[in-house]
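# Observations on the model geometry
Spelled out from the first residue to the last, the chains are:
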Protein chains: 2
Amino acid sequence: MVFQDSDLYKWMETVAFSLQWDRDHEWEKIFDEVVSLIEDAQEEDGYLNTYFSVNHPDKKWTNLKDDHELYCAGHLMEAAVAYYDATGKTRIIDLVSHLVDHIASVLGKQKGQKAGYPGHPEIELALMKLYRITEDQKYIDLCQFFIEERGKRNPSHYFDIELEKRGGGVKKSSNRNYDYYQAHLPVREQKTAEGHSVRATYLYSGMVDLANELKDKELLDVCRVLWENTVNKRMYVTGGIGSSSHEERFTVDYDLPNDRAYTETCAAIALIMWAHRMVQIEADHKYTDVLERALYNGGALSGISLDGKGGYFYVNPLEVWPHTANCRHDMRTVKPTRQKWFGCACCPPNIARLLASLGQYIYSANDSEVYVHLFIGGEASFKIDKQSIRLTQNSNYPPWEGRTKLTIDLERPATFTVSPRLPGWCRNVQILINGEIKDVPVDKGYAKIKREWQNNDTIELLFDMPVEIVRSHPEVRVNAGKVALQRGPILYCLEEVDNGANLQDLRLKTNQSFVVEYENGLLNGVTVIKGKAAATDKDAIEDKLYTTFTYPEVEKEIKAIPYYAWSNRGENEMTVWIREK
Amino acid sequence: MVFQDSDLYKWMETVAFSLQWDRDHEWEKIFDEVVSLIEDAQEEDGYLNTYFSVNHPDKKWTNLKDDHELYCAGHLMEAAVAYYDATGKTRIIDLVSHLVDHIASVLGKQKGQKAGYPGHPEIELALMKLYRITEDQKYIDLCQFFIEERGKRNPSHYFDIELEKRGGGVKKSSNRNYDYYQAHLPVREQKTAEGHSVRATYLYSGMVDLANELKDKELLDVCRVLWENTVNKRMYVTGGIGSSSHEERFTVDYDLPNDRAYTETCAAIALIMWAHRMVQIEADHKYTDVLERALYNGGALSGISLDGKGGYFYVNPLEVWPHTANCRHDMRTVKPTRQKWFGCACCPPNIARLLASLGQYIYSANDSEVYVHLFIGGEASFKIDKQSIRLTQNSNYPPWEGRTKLTIDLERPATFTVSPRLPGWCRNVQILINGEIKDVPVDKGYAKIKREWQNNDTIELLFDMPVEIVRSHPEVRVNAGKVALQRGPILYCLEEVDNGANLQDLRLKTNQSFVVEYENGLLNGVTVIKGKAAATDKDAIEDKLYTTFTYPEVEKEIKAIPYYAWSNRGENEMTVWIREK
C-alpha cells in the first residue's frame, strides 16, 4: 500500500510515547536503529517515502490527492516529536526538518512550485507539533499553506491541475470526489463534516492547532461549526463517526444506520484527537464528553479485544445479526466478530499510539490552572507558581464507580485553580475538599476550585451514576422507538450469549428499576445492567411470514454489558439500540 | 446487452396476447413483418441470436452460463405460442421449431454435444408451452434435459467445463456463483430459493410445467418445498421477492430490509407466473393469494406509474427516505421515484405482457369445473358438457368493494362445478346463488358450487373487507414492533405528501376504528384508510442528537394510500411498515 510507511511511524510514535513514562533502554535502542534505517532511506534532497523511492522514483509529488506522501511524512513528524519529548534526542528532528525543507521547496505558491496539498490530511497537525517544540516559523507557514489552499479554485482545482499534468486530461472531478478529500470548498467555507471521516477529523484537528496558534477566530469558528455538525447530526451514540462503508465517509445529517455503521476505529481515535484540541482552546465539557464517549465506547475501545490479541474491528457496528452480516453484500465490510488482520492495517497502530499517549488526555494545565478532564487513576506533575506540583488521582471511577479522589503534593502552599470536569452525563456531583462538601463555581461544565492549596489537600468527586435511558433525535429514523442504556460514560449493549437470539424482538421495560451488578468473572470484570423486557412467546410462533394477530408475550430478564466488551465470547447477535416497551 | 433480442420478443408476446382479445389487423401486420425480419436473421442451420450473429459468430454456445442465447430463444417461443393462439398462423412456429432443432442438435448428452443448460432459465417453460400446442415430444425432451442436467457434477460442473473450453482454465466457481444460477445442486436436491430471483422463479415455473406433464410427483414436491421457502421465509408483504440488489437475489430466511429491498418488478411478475402454475396443479387458494398479492401490490403494479408513462420502478422498496436513498452508496439501486429508463429495460415489456395476458390468470377450467381465481370484471367462455358456456363477472371488487357477481350464460342447462376462490385475507364470505345465501362446501380455499346451472343463474360473493393489521414473523427483525395496513388484497403505505415528513416517527394506534373512504379525485380514484397516530411534538424537539428524556407527543391524523399508487406525486418519503403505538 502507498501509505505503508505510516504503519512503522505510528509504531514509532507508540514506542516514543511509552518512553515518556518508562524510558526502557532496549526500546530506545531499537528506536534509534529504526531512525538509522530511515536516515538511510532518506534521499539526499530530503525526500523520504520508501514506496516511491523503491517503486516509482519518477512519480514523486505527482498525485498529492491519492499518494499519501504528505500523510506518511506527517506520521513521521509526530513520531519525531514524541521521541524528542521522551528523550531530548534531535537526530530524528533533524531528519524531519530536512524532509520538511524538501517539501517546502517542492510545494508552495512560488514560481516553479506546486500549489498542492495532501489528499489525506495529517501533516497539518504534525507540523504544528513540530512548531511547538522548535518554534520555527517554517512549520506554521507550511501548515497554513496546506490548509488555506485546500479546496480553492485558482481558477482550477489543484487535483485537476495535477491530473492534467499526469496526462489524465482535465477530467473535472465531481463535487463528490472533492468532498471525499474535504477539498470541495475552501476550508473557511465548509459548514458540514464531509467525506472520509478520518481525513476530515485529522484536517479539523490541524485547523484547530493553526487557529489557536494564529489566534484566528474565524478559522476557529469554522472548527466550531464543523464540530456541532459532527456531534449533533452525524455521530453514533458510541462516539463512532462515518456511517458509510463506501468511501469510509460521513453521509448526511441523521443517517446513522446501526447494522451498516462504518465507524472506523481510526475515526473514533481521530475524533478524540480533535476533541482534545477543542477543549484546550475552550474548556467546555461538551468537547470532553465526546472525547470520553469515543474513548470508552465505540471505535477506540471496542476496536480491540479484551486481551489485545484476539483480533480487532476496523468497522464497529451498533447492531449485528451474523445471519445477514455474513451473507448480504451491502454488509460485507461489517464483520460480526473481530478479525485477526485486515489488508489495510491502519487501526492497530492507531489504537496503540492512542493508549500509549492516554496521559495527554487526562489533564491540561497553564500557569494558574490545572484541568482534570478524565477520571483515570495515576500521577501527574505540573509547573505552577515556580514549583512542581504533583496530582495523584485514585479512581475506580468510570467505568464502575462514581467516585474519584485527587491528592495534591506540593513543597509550599500555592494558589491556583483545580478545574475538574463535571461530565454532561451526570445530573448530580458532590465535590468534597479535604472531606467537606463544598459548593464551587462552575464554568462550561468545569468546576473552578481556586484556593491556596496545602500539601496533601484532597478533592473528592462523587458522581451520581444511575442507569440512563438514552433516546435519539427523532430524525434518526432507525432508532425510532428504541433506547440505549448508559451508566456513567459507559454505553451498554445486549449480546445474544446473554439474552438469546433475536434481540430486536425484546421490548425493554424502561419504567423499572434496573439492577446494576459488578461481575468480577465476566469480561475481565464489568458492571452489568439487568432489567426486564417483554418478548414474543416462542412456543406460540407459527411458520407464517405475515399474520393478522399478535403473538402472546412473556417476560424475560435481560442483561446488558458494556459495548466496548462485546464480541469477546464468539460470533453472536448484538444490539445497542433496544426497542422500548 | 447480450439479451436484448428478448425485449423485442416480449413486445411481440404482448402484441400476440392483445390480438387474442382484439384481432387488430394493423398490429397483426406489424407482427408478421417482424416475423419476416426474424426469419431473415435466422441462420441456415436454425441458429438465431442477433447479438452473436452480428458481433461474435465464433462464440455461439460457448458461454451458456452468461450469454442468454437460450433465454432469448425462450422468449421468442413464448411469443410464437401466444401468436399461434391468437391467429392460428404457423410461420413463427416453424421458425422456432427450426431453432429448437438446432439447439437440440448442439446441446444434449450424445457424443459431440454439449451437456449444458442456460444460466438464465426461461426456455424451460417456453418449451412446455410449445409442447402444449404441438404435442411434439422433442420439446418435453429438451426441457427435461435442461432441468435434469442443471447443477450436476459429471464429475465436473458444466459451467466449469465450458469455462475451460473458452480457455479460462478450470477456475472452480464457488458455490456462491453457482447458486446465483440455481445450479449449485441438481434441482431435485434444492430446498431453498436461491440466487437471482427472476432466474429462480422462471426455473421453478418450468419445473412445475414439466412435473405436471410427466406426472412427476417428486419434482412437484421439490417445487412445493421451494414455494414454501419463498413465500414463508423470503417474500415481502408486497409480494415482491429478492432482497439484495447485489446479484438481484434471494439472500437468507427473514432477511427482508425495507429500505434496501430489491424486489425487482420482473421478479414479482415471475412469481405470479409460478403461482399461476402451482394453482393449476393444485387448486389451493394459498397460491392464488400470493399471485394476487404480487399482482395488486409490489412489483407488478407498483412497477409502473398510474398513467403508464411516468416512468417505472426496476426496484420496489417498501420504505424510502429520499435524503438517504439519494446519497448512500449501499442504496444506489433504490430510486426514490420512478425513472424514465434504466440501462437494463427488462421490466417494461414484462409488465406489458403480464397485463396483456391478465385474462389467463382470472379463470381456469376443465371438463366439469370452472375456477374463478381473481375477481376482475369481464367475460370468459369455456367448453363444458359439449357447449360453450359464458361467464360474465361484474366486479367492483378489489380493490374497493368486497362484492362480485358472476352470471352464467348457456344454451341448455348443464351440471358442472363453479369454484370461486375464497381469499385467504377474508375472514367471512357470503355466497348468494340467484340471490339466496347458500352454504357450500369449501376445499383448500375454493368454494365448490356444483349444480345444474340454468341460463342467467348468478353467483354473488360478498367479502368482508375490514382494515387488517398485518404483522411480520418475529424473525423479521426490521419489522419488529411495526404493522402494515391491508384491506382486501390491497396493501397500504404512508406517503410524506399526506402525512408530513418522518414517517418512522409515527406510532399508529391500532386499537382504533379506521375510516375507509373512496377518494374519486385521488390517484385515479383510490380508497384511502384514515386513522390516528401519535407523533413527536415537533415544537419540543431540541438540536441534540442524544437525550435522556422523552419528547411530548401529539395526536396526528394519518392517511394511507394503496402501495401500488405511491410515488405518483413527486419524490417523497414512503413507508409500508408503521410503528405501532
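Thresholds, definitions, all that
Residues numbered from 1 in each chain as written. Chains lettered and ligands numbered in written order. Predicted model: local features only at pLDDT ≥ 70, side-chain atom pairs only at ≥ 80, totals over all residues. Heavy atoms only, no water. Pairing = 2+ DSSP bridges. Helix = DSSP H or I, 4+ residues; strand = E, 2+ residues; numbered from the N terminus. Core = buried A, V, L, I, M, F, W, Y, C linked by side-chain atoms within 4.5 Å. Buried < 20%, exposed > 50% of the residue type's maximum accessible area, 1.4 Å probe, protein only. Contact = heavy atoms within 4.5 Å. Salt bridge = Lys/Arg side-chain N within 4 Å of Asp/Glu carboxyl O. Least-squares fit on C-alpha atoms with pLDDT ≥ 70 in both. Axes fitted to C-alpha atoms, helices over the stretch in contact; angles between N-to-C directions.

### Details of the sheet that holds strand β6 (residues 403–409) of chain B
All names here are of chain B. The antiparallel open sheet is built from six strands, whose spatial order is β4-β5-β6-β13-β8-β9. Strands with a single pairing partner mark the edges of an open sheet, and in this sheet they are β4 (378–384) and β9 (436–437). As paired strands, β6 and strand β13 (residues 458–463) are joined by five bridges and run antiparallel to one another. Paired with Lys405 across the two strands is Glu460, which belongs to β13.

### Some details on the nonpolar core
Met77(B), Ile103(B), Phe146(B), Met207(B), Phe416(B), Leu485(B) and Val576(B) are the most contacted members of the largest nonpolar core, which totals 194 residues. For Phe416(B), the contacting residues outside a window of four places in its chain are Ser368(B), Val370(B), Ile384(B), Ile389(B), Ile408(B), Leu410(B), Ile449(B), Lys450(B), Arg451(B) and Trp453(B). In this structure, Ala80(A), Leu127(A), Tyr361(A) and Ile389(A) belong to the second largest nonpolar core, which totals 193 residues.

### Some words on the pattern of salt bridges
Within the structure shown, the criterion is met by 109 salt bridges over all chains. For Lys532(B), the salt bridge goes to Glu557(B), with nearest N and O atoms at 3.2 Å. Taken together, the positions of Lys532(B) in strand β19 (residues 526–536) and Glu557(B) in strand β21 (residues 553–562) put the pair 25 residues apart, joining distant regions of the chain. Look at Glu557(B) and you get partly exposed, because its relative accessible area is 49%. Look at the salt bridges and you will find they share partners, linking Asp255(A), Asp259(A), Arg260(A), Arg328(A), Asp330(A), Asp255(B), Asp259(B), Arg260(B), Arg328(B) and Asp330(B) into a network.

### Quick look at the relation of the copies chain B and chain A
Of the transformation placing chain B onto chain A, the axial shift is 0.0 Å and the rotation is 180°, giving an RMSD of 0.0 Å. One copy is carried onto the other by what is essentially a two-fold rotation axis. When C-alpha positions in chain B are compared against the rotation axis, the closest is assigned to Asp330(B), at 2.9 Å. The fraction of interface residues of chain B whose copies in chain A are also interface residues reaches 100%, indicating that both copies meet through the same surface.

### Quick notes on the sheet that holds strand β3 (residues 369–372) of chain B
Residues and elements named next belong to chain B. One open sheet holds the four strands; their spatial order is β2-β3-β7-β12, and the pairing between them is mixed. Each end of this open sheet is capped by a strand with a single partner; those strands are β2 (363–366) and β12 (449–453). Mean inter-strand twist for the sheet, computed between neighbouring axes without regard to direction, equals 25°. One ladder, built from four bridges, connects β3 with strand β7 (residues 414–420); its direction is parallel. Following the sheet pairing, Val372 is matched in β7 by Pro420.

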